[in-house]
Amino acid sequence: MQIDVVTIFPEYLTPLRAALLGKAIDKGLISVGVHDLRDWTQDVHKAVDDSPYGGGPGMVMKADIWGPALDDVCTDETRLIVPTPAGRPFTQAVAHEYANESHLVFACGRYEGIDQRVVDDAARRVRVDEVSIGDYVLVGGEVAVLAIVEAVARLLPGVLGNPKSHAEDSFQDGLLEGPSYTRPEVWRELAVPDVLRSGNHKLINRWRRDQSLVRTFERRPDLLESLPEDAFDKHDRAL
Ligand SMILES: COc1ccc2nc(C(=O)O)sc2c1
(Lines give C-alpha, C1' and ligand atoms only; values in the text may rest on other atoms or scores of the structure.)
Protein backbone atom coordinates (compact mmCIF):
# COMPACT_ATOMS: atom_id res chain seq x y z
CA MET A 1 0.00 0.00 0.00
CA GLN A 2 1.18 3.50 -0.91
CA ILE A 3 0.25 6.27 1.52
CA ASP A 4 0.85 9.93 0.68
CA VAL A 5 0.18 12.82 3.05
CA VAL A 6 0.04 16.48 2.02
CA THR A 7 0.51 18.91 4.92
CA ILE A 8 2.08 22.23 5.91
CA PHE A 9 3.65 20.45 8.90
CA PRO A 10 5.57 17.46 7.45
CA GLU A 11 7.39 16.97 10.75
CA TYR A 12 4.02 16.15 12.39
CA LEU A 13 4.00 12.90 10.41
CA THR A 14 7.42 11.68 11.64
CA PRO A 15 5.75 9.15 14.01
CA LEU A 16 4.53 7.30 10.91
CA ARG A 17 8.04 5.97 10.53
CA ALA A 18 8.31 4.69 14.14
CA ALA A 19 7.56 1.35 15.80
CA LEU A 20 4.92 -0.90 14.19
CA LEU A 21 4.56 1.30 11.10
CA GLY A 22 8.32 1.61 10.77
CA LYS A 23 8.58 -2.18 10.67
CA ALA A 24 5.81 -2.37 8.06
CA ILE A 25 7.68 0.17 5.95
CA ASP A 26 10.96 -1.75 6.39
CA LYS A 27 9.15 -4.95 5.28
CA GLY A 28 7.91 -3.10 2.19
CA LEU A 29 4.26 -3.60 3.22
CA ILE A 30 3.67 0.14 3.20
CA SER A 31 5.45 3.02 1.52
CA VAL A 32 4.84 6.51 2.88
CA GLY A 33 5.36 9.84 1.14
CA VAL A 34 4.99 13.10 3.09
CA HIS A 35 4.67 16.25 0.98
CA ASP A 36 4.95 19.87 2.10
CA LEU A 37 2.02 21.83 0.62
CA ARG A 38 4.20 24.94 0.50
CA ASP A 39 6.25 23.27 -2.26
CA TRP A 40 3.34 24.15 -4.57
CA THR A 41 3.24 27.86 -3.63
CA GLN A 42 4.48 30.47 -6.09
CA ASP A 43 4.89 33.56 -3.91
CA VAL A 44 7.82 34.58 -1.77
CA HIS A 45 5.72 34.24 1.39
CA LYS A 46 4.62 30.71 0.41
CA ALA A 47 1.04 31.65 1.34
CA VAL A 48 -1.39 28.71 1.55
CA ASP A 49 -4.44 30.49 2.99
CA ASP A 50 -6.61 33.57 2.56
CA SER A 51 -9.63 35.27 4.15
CA PRO A 52 -13.00 33.47 3.90
CA TYR A 53 -15.60 34.70 1.39
CA GLY A 54 -18.63 35.92 3.33
CA GLY A 55 -16.44 37.01 6.24
CA GLY A 56 -16.02 35.20 9.56
CA PRO A 57 -13.08 34.23 11.73
CA GLY A 58 -9.92 32.51 10.62
CA MET A 59 -8.48 31.70 7.21
CA VAL A 60 -9.27 29.17 4.50
CA MET A 61 -6.68 27.12 2.62
CA LYS A 62 -6.39 28.11 -1.03
CA ALA A 63 -7.77 25.96 -3.87
CA ASP A 64 -5.11 27.20 -6.31
CA ILE A 65 -2.41 25.71 -4.07
CA TRP A 66 -4.18 22.49 -3.04
CA GLY A 67 -5.38 21.72 -6.57
CA PRO A 68 -1.94 21.39 -8.19
CA ALA A 69 -0.62 19.49 -5.15
CA LEU A 70 -3.35 16.85 -5.40
CA ASP A 71 -3.01 16.76 -9.20
CA ASP A 72 0.64 15.74 -8.70
CA VAL A 73 0.13 13.28 -5.82
CA CYS A 74 -3.11 11.52 -6.77
CA THR A 75 -3.49 8.80 -9.41
CA ASP A 76 -6.58 7.12 -10.91
CA GLU A 77 -6.34 4.50 -8.14
CA THR A 78 -6.26 7.04 -5.31
CA ARG A 79 -8.75 7.16 -2.46
CA LEU A 80 -8.44 10.75 -1.23
CA ILE A 81 -9.16 11.18 2.48
CA VAL A 82 -9.76 14.63 3.93
CA PRO A 83 -10.01 14.68 7.74
CA THR A 84 -12.51 17.32 8.86
CA PRO A 85 -14.79 17.89 11.87
CA ALA A 86 -17.64 17.90 9.33
CA GLY A 87 -16.72 14.44 8.03
CA ARG A 88 -18.52 11.10 8.34
CA PRO A 89 -17.31 9.07 11.35
CA PHE A 90 -14.11 7.10 10.84
CA THR A 91 -14.92 3.65 12.24
CA GLN A 92 -13.31 0.20 12.30
CA ALA A 93 -15.48 -0.71 9.32
CA VAL A 94 -14.06 2.27 7.39
CA ALA A 95 -10.55 1.21 8.45
CA HIS A 96 -11.20 -2.18 6.83
CA GLU A 97 -12.39 -0.42 3.67
CA TYR A 98 -9.20 1.64 3.50
CA ALA A 99 -7.02 -1.43 4.20
CA ASN A 100 -8.20 -2.84 0.85
CA GLU A 101 -7.01 0.19 -1.10
CA SER A 102 -3.73 0.38 -3.03
CA HIS A 103 -3.21 4.15 -2.71
CA LEU A 104 -4.40 6.44 0.07
CA VAL A 105 -3.78 10.19 -0.13
CA PHE A 106 -4.47 12.32 2.95
CA ALA A 107 -5.06 16.07 2.64
CA CYS A 108 -4.36 17.72 5.99
CA GLY A 109 -6.36 20.89 6.52
CA ARG A 110 -5.41 23.64 8.92
CA TYR A 111 -7.00 26.95 9.95
CA GLU A 112 -10.74 26.90 9.10
CA GLY A 113 -10.24 24.16 6.54
CA ILE A 114 -9.71 23.76 2.80
CA ASP A 115 -11.71 25.63 0.08
CA GLN A 116 -14.59 23.21 -0.65
CA ARG A 117 -13.91 23.40 -4.38
CA VAL A 118 -10.74 21.33 -3.81
CA VAL A 119 -12.85 18.35 -2.71
CA ASP A 120 -15.52 19.04 -5.35
CA ASP A 121 -12.89 19.16 -8.12
CA ALA A 122 -10.98 16.10 -6.91
CA ALA A 123 -14.25 14.12 -6.76
CA ARG A 124 -14.45 14.49 -10.56
CA ARG A 125 -11.43 12.18 -10.88
CA VAL A 126 -10.96 10.15 -7.67
CA ARG A 127 -13.01 8.76 -4.78
CA VAL A 128 -13.04 11.32 -1.94
CA ASP A 129 -13.94 10.76 1.73
CA GLU A 130 -14.35 13.58 4.24
CA VAL A 131 -13.99 11.83 7.62
CA SER A 132 -13.79 12.73 11.32
CA ILE A 133 -12.08 10.69 14.04
CA GLY A 134 -14.43 11.92 16.75
CA ASP A 135 -16.90 14.47 18.04
CA TYR A 136 -14.28 17.02 19.00
CA VAL A 137 -12.33 19.52 16.96
CA LEU A 138 -8.57 19.31 16.49
CA VAL A 139 -6.38 22.13 15.19
CA GLY A 140 -5.59 20.33 11.96
CA GLY A 141 -5.90 17.07 10.12
CA GLU A 142 -2.44 15.67 10.93
CA VAL A 143 -3.40 13.99 14.23
CA ALA A 144 -6.41 12.41 12.53
CA VAL A 145 -4.13 11.07 9.78
CA LEU A 146 -1.82 9.46 12.37
CA ALA A 147 -4.82 7.75 13.97
CA ILE A 148 -6.34 6.62 10.68
CA VAL A 149 -3.04 5.32 9.27
CA GLU A 150 -2.35 3.31 12.43
CA ALA A 151 -5.87 1.82 12.44
CA VAL A 152 -5.53 0.88 8.75
CA ALA A 153 -1.92 -0.32 8.70
CA ARG A 154 -2.42 -2.79 11.57
CA LEU A 155 -5.04 -4.54 9.45
CA LEU A 156 -2.61 -5.20 6.59
CA PRO A 157 -1.37 -8.82 6.36
CA GLY A 158 2.09 -9.16 7.91
CA VAL A 159 2.02 -5.90 9.87
CA LEU A 160 0.83 -7.31 13.19
CA GLY A 161 2.92 -10.17 14.61
CA ASN A 162 -0.15 -12.25 15.45
CA PRO A 163 -2.91 -12.02 12.79
CA LYS A 164 -5.35 -13.48 15.36
CA SER A 165 -5.06 -10.20 17.30
CA HIS A 166 -7.67 -8.71 14.99
CA ALA A 167 -10.26 -11.25 16.13
CA GLU A 168 -10.23 -9.82 19.68
CA ASP A 169 -10.19 -6.20 18.55
CA SER A 170 -12.69 -3.89 20.11
CA PHE A 171 -15.38 -3.23 17.48
CA GLN A 172 -14.33 -6.34 15.52
CA ASP A 173 -17.52 -8.14 16.62
CA GLY A 174 -19.27 -4.81 17.14
CA LEU A 175 -18.56 -4.87 20.89
CA LEU A 176 -15.96 -3.31 23.17
CA GLU A 177 -13.11 -5.53 24.30
CA GLY A 178 -13.35 -6.75 27.90
CA PRO A 179 -10.59 -6.37 30.56
CA SER A 180 -7.15 -8.00 30.18
CA TYR A 181 -4.77 -9.27 32.87
CA THR A 182 -1.23 -10.62 33.13
CA ARG A 183 1.19 -11.66 35.91
CA PRO A 184 1.41 -11.22 38.88
CA GLU A 185 -1.68 -13.13 40.01
CA VAL A 186 -2.27 -10.62 42.84
CA TRP A 187 -1.18 -7.00 42.58
CA ARG A 188 -1.86 -4.42 45.35
CA GLU A 189 -4.37 -6.93 46.80
CA LEU A 190 -6.19 -7.07 43.43
CA ALA A 191 -6.45 -10.63 42.15
CA VAL A 192 -6.85 -11.87 38.56
CA PRO A 193 -10.42 -13.29 38.10
CA ASP A 194 -10.27 -17.00 39.00
CA VAL A 195 -11.94 -18.10 35.76
CA LEU A 196 -8.93 -16.85 33.75
CA ARG A 197 -6.66 -19.22 35.69
CA SER A 198 -9.08 -22.18 35.46
CA GLY A 199 -7.78 -23.57 32.18
CA ASN A 200 -11.41 -24.14 31.16
CA HIS A 201 -11.45 -22.38 27.81
CA LYS A 202 -15.18 -22.75 27.29
CA LEU A 203 -15.80 -20.96 30.60
CA ILE A 204 -13.07 -18.39 29.83
CA ASN A 205 -14.56 -17.56 26.45
CA ARG A 206 -18.03 -17.23 27.99
CA TRP A 207 -16.69 -14.96 30.74
CA ARG A 208 -14.88 -12.80 28.21
CA ARG A 209 -18.02 -12.51 26.07
CA ASP A 210 -20.05 -11.52 29.14
CA GLN A 211 -17.46 -8.91 30.14
CA SER A 212 -17.51 -7.50 26.62
CA LEU A 213 -21.33 -7.30 26.54
CA VAL A 214 -21.57 -5.67 29.99
CA ARG A 215 -18.82 -3.15 29.17
CA THR A 216 -20.47 -2.29 25.87
CA PHE A 217 -23.89 -1.94 27.54
CA GLU A 218 -22.41 0.38 30.20
CA ARG A 219 -20.14 2.49 27.96
CA ARG A 220 -21.48 2.28 24.40
CA PRO A 221 -25.13 1.12 24.36
CA ASP A 222 -25.35 2.61 20.87
CA LEU A 223 -23.12 -0.18 19.59
CA LEU A 224 -25.52 -2.81 20.97
CA GLU A 225 -28.50 -1.17 19.28
CA SER A 226 -26.73 -1.28 15.90
CA LEU A 227 -26.09 -5.04 16.05
CA PRO A 228 -28.48 -7.48 14.28
CA GLU A 229 -30.67 -9.75 16.44
CA ASP A 230 -28.68 -12.85 15.41
CA ALA A 231 -25.50 -11.33 16.87
CA PHE A 232 -26.72 -12.46 20.31
CA ASP A 233 -27.16 -16.06 21.53
CA LYS A 234 -29.64 -17.10 24.24
CA HIS A 235 -26.97 -16.79 26.96
CA ASP A 236 -26.26 -13.20 25.84
CA ARG A 237 -29.95 -12.37 26.11
CA ALA A 238 -30.09 -13.87 29.63
CA LEU A 239 -27.43 -11.38 30.85
C1 LIG B 1 -8.62 22.43 9.67
O2 LIG B 1 -8.41 21.02 9.63
C3 LIG B 1 -8.99 20.28 10.64
C4 LIG B 1 -9.39 20.89 11.83
C5 LIG B 1 -9.97 20.11 12.83
C6 LIG B 1 -10.16 18.74 12.64
N7 LIG B 1 -10.75 17.85 13.52
C8 LIG B 1 -10.82 16.61 13.02
C9 LIG B 1 -11.43 15.46 13.71
O10 LIG B 1 -11.48 14.38 13.09
O11 LIG B 1 -11.86 15.66 14.86
S12 LIG B 1 -10.13 16.48 11.48
C13 LIG B 1 -9.74 18.16 11.44
C14 LIG B 1 -9.15 18.91 10.44
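Structure: see above.
Residues numbered from 1 in each chain as written. Predicted model: local features only at pLDDT ≥ 70, side-chain atom pairs only at ≥ 80, totals over all residues. Heavy atoms only, no water.

1. Considerations on the overall build of the protein
No. 1: Scanning the protein from terminus to terminus reveals eight helices and nine strands.
No. 2: Counting the 239 residues in the protein, one finds 41% classified as buried.
No. 3: Considering only intrachain contacts with a sequence separation of at least 6, the fraction spanning at least 24 residues in the protein is 72%.
No. 4: Here the protein displays about 14,200 Å² of accessible surface, and carbon together with sulfur accounts for 53% of that area.
No. 5: Each charge class in the protein can be summarised by its mean position, and for the 27 positive and 39 negative side chains these summaries are 7 Å apart. (Helix = DSSP H or I, 4+ residues; strand = E, 2+ residues; numbered from the N terminus. Buried < 20%, exposed > 50% of the residue type's maximum accessible area, 1.4 Å probe, protein only. Contact = heavy atoms within 4.5 Å. Areas by Shrake-Rupley, 256 points an atom, 1.4 Å probe, with all protein chains shown as cover. Lys, Arg positive; Asp, Glu negative; His and termini not counted. Charge placed at Lys NZ, Arg CZ, Asp CG, Glu CD.)

2. A few points about the site of the ligand
No. 1: Contacts to the ligand come from 16 residues, most closely from Gly109, Ser132, Ile133, Tyr136 and Leu138.
No. 2: Here an oxygen atom of the ligand sits 3.2 Å away from a polar atom, N or O, in the main chain of glycine 109.
No. 3: Here an oxygen atom of the ligand and a backbone polar atom of tyrosine 136 are 2.9 Å apart.
No. 4: Protein burial of the ligand: of its 360 Å² of free accessible surface, 97% is covered by the chains.
No. 5: Considering every element that reaches the shell around the ligand, the biggest residue donor is strand E5 (residues 79-89), with three residues.
No. 6: Residue classes in the shell around the ligand are distributed as eight nonpolar, seven polar and one charged. (Near = heavy atom within 4 Å. Polar contact = N/O pair within 3.5 Å; in protein donor to acceptor, adjacent residues only side chain to side chain. Nonpolar A, V, L, I, M, F, W, Y, C, P; charged D, E, K, R; others polar.)

3. Notes on the packing of helix H3 (residues 92-99) against helix H5 (residues 142-153)
No. 1: In contact at an axis separation of 8 Å, H3 and H5 are set at 70° when each is read in the N-to-C sense. When the axes of H3 and H5 are compared, the pair comes out roughly perpendicular. Contact residues: Ala95, Tyr98 and Ala99 in H3; Ile148, Ala151 and Val152 in H5.
No. 2: The class makeup of the residues in the contact of H3 with H5 is six nonpolar, no polar and no charged. (Axes fitted to C-alpha atoms, helices over the stretch in contact; angles between N-to-C directions. Parallel < 35°, antiparallel > 145°, perpendicular 65-115°, else oblique.)

4. What to know about the state of the cysteines
No. 1: Tallied over the full model, the rule gives zero disulfides.
No. 2: In this model cysteine 74 remains outside any disulfide bridge; the closest cysteine sulfur is found in cysteine 108, 13 Å from its own.
No. 3: Exposure remark for cysteine 108: the relative accessible area of 0% places this residue in the buried category. (Disulfide = S-S within 2.5 Å.)

5. Some details on the pattern of salt bridges
No. 1: The tally for this structure, following the rule as stated, stands at 21 salt bridges.
No. 2: Between arginine 88 and glutamate 97 there is a salt bridge, and its shortest N-O distance comes to 3.6 Å.
No. 3: Note that arginine 209 is salt-bridged to aspartate 173, the shortest N-O span being 4.0 Å. Of this pair, arginine 209 sits in helix H6 (residues 201-219) while aspartate 173 sits in the loop between H5 and strand E8 (186-187), and the two are 36 residues apart along the sequence.
No. 4: For arginine 209, a relative accessible area of 22% puts it in the partly exposed group.
No. 5: Ionic contacts of the salt-bridge type, sharing partners, join the residues Arg79, Arg88, Glu97, Glu101, Arg127 and Asp129 into one network. (Salt bridge = Lys/Arg side-chain N within 4 Å of Asp/Glu carboxyl O.)

6. Some remarks on helix H1 (residues 19-26)
No. 1: By the burial criterion, the buried members of H1 are Leu21, Gly22 and Ala24. The buried residues of H1 all sit within an arc of 160° when viewed along its axis, so they share a single face. Those residues of H1 that are exposed and aimed more than 90 degrees away from the buried face are Ala19, Lys23 and Asp26.
No. 2: As for H1, its buried residues are in contact with H5.
No. 3: One or two steps after H1, the chain reaches glycine 28, where phi turns positive at roughly 80°. (Arc of directions from axis to C-beta.)

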